[in-house]
Each structure stands twice: as structure tokens, then as C-alpha cells.
Amino acid sequence: MTDQSLTEQLIALLHRPITQGDRTRAALHVLDWIGCAVIGATTAPGEVMKDYGRYEPGGSSKAIGVGDVRAETAAFVNGAFGNVLEMDDIHRTSVLHPGPVVIPAALATAQATGAETTAFLDALIHGYEVVIRIGASVGLGHYKYFHNTATCGPFGAAAAAGSVLGLNDAQMSDALGNAGSLAGGLWQLRNEDVMSKQLHNAHAARSGLVAATLAQRGLTGPKRILEGPQGFYAAMCPDATPEVLTADPDAPWMIYDTSFKPWPACRHAHPTIDATLLLRDRLGSPDDIERIVVRTYADAVAFCDRPDPQNVVDAKFSLQHVVAVVLGDGKPVLGSFDPKIFRRADMTAIREKVSVEASETFSAAFPQHYGAEVEIWGRNGLHEKATVADALGDPGNPVGDDTVITKARELMAAAGLPDAKVAAIVQKTLALGRGGTIDDVTELLP
């Protein structure tokens, strides 16, 4: 039995050595985030956030599409961009997106303080470690009502910013304690066509940065914010598993357990996309299909059983629509979820053939595994079935670095960046893991 708080035990894990290979992996996540953020900044919520950033000019940190602002404003504005199109990195067992929160907080702090690239990349590794371990411990009861990226994100942002600032263990404990005190983010946004998810991520990045900055100046915070009688677990996590927080202390850094997303849709829809892609080449015309059944885990059904999408968000969170897209058009692309696509008569016709079921097998494996099965019946004896145990991009079904790089290139090109600038951003970002500088990257961003 230890007298250390859970927060202090978690901080102790951050003292493990970081290798150059670890930093190279962190740089790949930076590139993935840049691709998502650059195009996210061009969307309607992105325009709102850029407009907000312009009201707080001045400072040494940069917000995409805005310019020089204060560090907390940069973290907030950039924090809103990465998740807009649902293509950002994700950790499956914590059911959250580390990159859109941790990277903006670390980047803004590094720019404001003139930190070295190594310190920035190490901070990302620390931030991912904290947010993922806390997220994996909160339980699915928490996820039922709370957006894990919003609630756990401030911890990761505080750890990343605190790492850049060189906080000692006591100060880091204060930063995490105060970050946790500000945790919040309800899932009601899923039931309405709103932009609140971007606000969630923005607030998480900024609040973590502010908590770390204040801790450096002496503002104390609760050491037992996680396990205390009125702490995070007690208030918000009915089935928390605190033992997960510090399990496997010698395991590789959690950044390696983070997935890259290949498709621009909710992650819960990805295994269904993957399974349907396996079937597509075995089928003839979609008109020959009479019935389609999607079986997946219960949370995917709860979030993504949307047979008649009414807007882009609905379409990205519709198992029925992703099946229709794959069968009708092939691999999903950014435009697959636009109104002109989901309102097409052929898409509607396919969606009407799709029924969705929660599978005990896939539900028992979740969140360690995001799985799905798609079964199709049709004319002339057509009967095909495909099963995917792990979504493409997860550690159990990984994609290569080239796939991540190509995705970033395509997203930046879709945002209107010239080919030469895209190539330079890719080169300079990947060079961060080999001694490149932060300024080399940020001076190229729009």
C-alpha cells in the first residue's frame, strides 16, 4: 500500500527514458494532426474559432489561420480544428482522441517559451501517456454521458504543457489536480446538429495549458483529484478501474498504442466500413442486394444507428450510410458525407436495406477491439459475410507510415494548400524527429 496519490503514481511513470525512435513516432502524430487541423480550420466551426482568435491578437504562439496570439488562445483555437472531420488519431480502450488536445497545448507552450524540439516531442509523449491512462481507467459508464476527450483531455494537455515548462513532480501534481477540477463535456451534443464537440476539445487544450502555467507560478491543486471522495472517479465514473491507471509500468509509451484513422467518419463506424469493403468485390450491382445486417458492439449501435441522416454529422455517425457509401461508391472520402451524397436516391435505397444489431461477442471485446460483421443476402442465391475484429489503423490492424503521410497530404491539398507547401510541411514535420525545429514547421502553416 502506498501513501502516494494516484496522480503522483502516474507522474512517476513519466520519468521513463524516451528514445529517438519515440520522438520520431511523436512527429508522425504531429503530421497527422496538422493534416486534420489545416482542413478543419476551413470548416464552419473552424471559421468561428478563427474569428474568435482574431479578437485576442499578440503573443508568440501561432494559431492556424489567425497568426500570432497568446499561448492559451493558440491552444484553444488550434484545439478546435483537429477533430472537425473525424479523422484525427484515437486510442481505442480510452475511447478518446489524444492528438487534437495534447498537440495544441504542447505546441503553444513550446512556442511561447522557445522550447527545443526535443522538449516539445517529449511533452507529447508525456501528454499522450497521461490522457490515455486516465481515459482507459474511467469505464464505459463514464462514456455513456461524458465525452472522454473533453473530460480526460485537460489532464493530457496539462501534462504536455507542464513537461514543456519543466515542472517538478509537485508542480505537475498541482497542474493535473486543477486540470481535473475543470473536467466536463456532456454527450448531449450527439443528439443535436451543433458545434459543441469542437468547443470541448478547445477548452480541454486551453484549460490544461492554463493549469500547468499556473502551477509553475505556485497555484496548488488537489493531489487526490482522481480517487478522492469528491473527485473525478466518485463524481463521474460509476465503473472506474483505477488499477488500469498505473498498470504495466514498463510497457512501451502509450503513443504507440494510439490508432491512426483512415476514414473520415466516427471511429465506431470504421469496422463496419472495413467489413463492407471486404465484401464489395464479391458483389454485383447494389440493386441485387435484398437485405444487409450489420452486427457490431453496443456502443457503436448506440452512437451510430442512424438510418436517415439529416446532416453531415449524422452521416458520419451512420452505420447505414457508411455501408451505402462503400457499396455504392467504394472507399469513403471527405465528400462521402455531404448532403448531395446522403440524399442521393441510390444511397437512400441501400440504407433502407440495412438493419443494425448489437452483438454480444463484439460488445464483450470492446473497447480492446473495435469489431463488426456485415452479412448480405440478395438475388440468385447471393449470400456473403465478412468479419473484422479490429478496425483498420488499430494496433491489431495497423497502417504503415506511408498511409499516414498520404492522408496528411490529401487533407492539406483538399484545404487548398499548394503542392509545394504541402510537400514542405510534410518534410519539415517529419524532420522534427531528426533535429528539425518547430519554427521550420509553423512558419509554413496557413
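Residues numbered from 1 in each chain as written. Predicted model: local features only at pLDDT ≥ 70, side-chain atom pairs only at ≥ 80, totals over all residues. Heavy atoms only, no water.

Asker: Quick rundown of unusual backbone geometry? Include the residues and the values.
Answerer: Of the consecutive residues Phe366 and Pro367, the connecting peptide bond is found in the cis state with omega at 5 degrees. Mapping Pro367 onto the fold places it in the loop between α18 (360-365) and β5 (372-378). Residues other than glycine seldom take positive phi values, yet Glu86 does so here, at roughly 60 degrees. Within the secondary structure, Glu86 sits in the loop between α4 (71-81) and α5 (99-113). Notably, Asn380 is not glycine yet its phi reads approximately 60 degrees, a positive angle. For Asn380, the location among the structural elements is in the loop between β5 and β6 (383-388). Residue classification places Asn380 among the exposed positions, given a relative accessible area of 81%. (Helix = DSSP H or I, 4+ residues; strand = E, 2+ residues; numbered from the N terminus. Buried < 20%, exposed > 50% of the residue type's maximum accessible area, 1.4 Å probe, protein only.)

Asker: Lay out a nonpolar patch on the surface with the relevant residues and their values.
Answerer: Together, Val210, Leu214 and Leu219 give the surface a local cluster of nonpolar side chains, amounting to about 210 Å² of exposed area. Mapping Leu219 onto the fold places it in the loop between α10 (196-216) and α11 (232-236). Judged by relative accessible area, which is 44%, Leu219 ranks as partly exposed. (Patch = residues over 30% accessible without salt bridge, like charges linked within 9 Å, V, L, I, M, F, W, Y side chains within 5 Å. Areas by Shrake-Rupley, 256 points an atom, 1.4 Å probe, with all protein chains shown as cover. Salt bridge = Lys/Arg side-chain N within 4 Å of Asp/Glu carboxyl O.)

Asker: Outline the pattern of salt bridges, supporting the account with residue identities and numerical values.
Answerer: Any two side chains of opposite charge can pair if their charged atoms end up close together. Under the defined criterion, the tally for this structure stands at 20 salt bridges. Arg70 is the partner of Glu72 in a salt bridge, and the nearest nitrogen-oxygen pair spans 3.1 Å. One salt bridge connects Glu86 with Lys261, and the closest N-O pair in it is separated by 3.7 Å. Residue Glu86 is found in the loop between α4 and α5, and its partner Lys261 is found in the loop between α11 and α12 (270-280); the two are separated by 175 residues along the sequence. Residues Glu86 and Lys261 agree in their burial class; the two are buried. In the salt-bridge network here, residues are joined through shared partners; they are Arg295, Glu357, Glu373 and Glu375.

Asker: Let's hear about the sheet that holds strand β4 (residues 354-358): which residues, and what values?
Answerer: Pairing is mixed in the open sheet, where 4 strands are placed in the order β4-β3-β5-β6. The sheet is open, and its two edges are formed by β4 and β6, each paired on a single side. The sheet shows a mean angle of 15 degrees between the axes of neighbouring strands, taken without regard to direction. Pairing analysis gives 7 bridges linking strand β3 (residues 289-296) to β5, with the strands arranged antiparallel. (Pairing = 2+ DSSP bridges. Axes fitted to C-alpha atoms, helices over the stretch in contact; angles between N-to-C directions.)

Asker: Before we move on, could you go through the side chain of Lys407 and cite the residues and values that matter?
Answerer: Looking at the element boundaries, Lys407 is found in helix α19 (residues 401-414). Looking at Lys407, its side chain comes within polar contact range of the side chain of Asp32, at 2.9 Å. Excluding its chain neighbours within four sequence positions, the residues that come into contact with Lys407 are Asp32, Cys36, Met87 and Lys261. (Polar contact = N/O pair within 3.5 Å; in protein donor to acceptor, adjacent residues only side chain to side chain. Contact = heavy atoms within 4.5 Å.)

Asker: So what about α4? Which residues, and what values?
Answerer: One turn of an α-helix holds 3.6 residues; hence residues three or four places apart share an orientation. Where burial is concerned, most of α4 is hidden: 10 out of the 11 residues are buried. Taken together, the buried positions of α4 are occupied by Ala71, Thr73, Ala74, Ala75, Phe76, Val77, Asn78, Gly79, Ala80 and Phe81. Elements in contact with the buried residues of α4: α2 (20-40), α3 (44-53), β1 (57-63), β2 (67-69), α5 and α10.

Bear in mind that shape data such as this cannot, by itself, settle questions of function.
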